[in-house]
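# Structure assessment
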Amino acid sequence: MGPLLSRTRQIAELDVEPLLRLRLLSESLLTIIFRRLDHIWVYEHDYRSLSGAELKTLLGQRSEFEELISGLLAEAVGQGTFRALPPRLATLQFLNLHNHTYQWVNPDGQWDATFLAREYCVTLFRGFGAPDHALPRVEEQAEAFKRDRPGMPLDPEAAWEPHATD
């Protein structure tokens, strides 16, 4: 967390628009993931085994990192660049998109940190590109689907009784 937090502070303090700072932060985070894949793996799986001062330090660094991201996202919302959404949810979306990369990335593969940062930020900044008019319609369709097919619960642990049209 030390190098990432240090770089994140530097990026957050830049006198440029929040979208650019988020893009730079994305690439910095992914660069660390690529370079320290083994460290990230251990961190993601074993940090909960820490205790005492080590855990307190790590959780403090992690909290500061998340606050810096939240601040950049809030700044983008405040400028009208992003739609308003709960700050914690926006931060978790940013982190989830990046933090699971370590599970599948191949540092010698076809994608590097720059490419992934660009693609991740396009997804974060623009979504998957569904037109605005499609969103209410798909929500209506989802509600109708669930209402018309009570035998098909979305709970993966619930039993499914196929409907004649499924």
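Residues numbered from 1 in each chain as written. Predicted model: local features only at pLDDT ≥ 70, side-chain atom pairs only at ≥ 80, totals over all residues. Heavy atoms only, no water.

What follows deals with the nonpolar core. The biggest cluster of nonpolar side chains holds 30 residues, and the ones touching the most others in it are Leu25, Leu30, Phe65, Ile69 and Phe94. When residues of this core are traced back to their parent elements, those giving at least two are α1 (2-12), α2 (18-35), α4 (52-78), α5 (87-99) and α6 (113-126). Among the elements that take part in this core, α2 stands out by supplying 8 residues, more than any other. Setting aside anything within four residues of it in sequence, one finds Leu30 in contact with His98, Thr101, Ala113, Leu116, Ala117 and Tyr120. (Core = buried A, V, L, I, M, F, W, Y, C linked by side-chain atoms within 4.5 Å. Buried < 20%, exposed > 50% of the residue type's maximum accessible area, 1.4 Å probe, protein only. Helix = DSSP H or I, 4+ residues; strand = E, 2+ residues; numbered from the N terminus. Contact = heavy atoms within 4.5 Å.)

What follows is about the packing of aromatic side chains. According to the stated counting rule, one finds 4 aromatic pairs in the structure shown. Arranged with centres 5.0 Å apart and planes meeting at 70°, the rings of Trp41 and Tyr102 form a pair that is edge-to-face. In this pair, Trp41 is assigned in helix α3 (residues 37-46) and Tyr102 in the loop between α5 and α6, connecting sequence segments 61 residues apart. Residue classification places Trp41 among the partly exposed residues on the basis of a relative accessible area of 42%. Ring centres 5.5 Å apart and planes at 45° place the aromatic pair Phe82 and Phe125 in the tilted group. Pair noted here: Phe82 is in the loop between α4 and α5 and Phe125 is in helix α6, with a separation of 43 residues, a long-range link. (Phe/Tyr/Trp six-rings, centres within 6.5 Å; stacked < 30°, edge-to-face > 60°.)

A contiguous nonpolar surface patch, about 270 Å² in accessible area, is contributed by Leu14, Val16, Leu20 and Leu24. As for its placement among the helices and strands, Leu20 is situated in helix α2. (Patch = residues over 30% accessible without salt bridge, like charges linked within 9 Å, V, L, I, M, F, W, Y side chains within 5 Å. Areas by Shrake-Rupley, 256 points an atom, 1.4 Å probe, with all protein chains shown as cover. Salt bridge = Lys/Arg side-chain N within 4 Å of Asp/Glu carboxyl O.)

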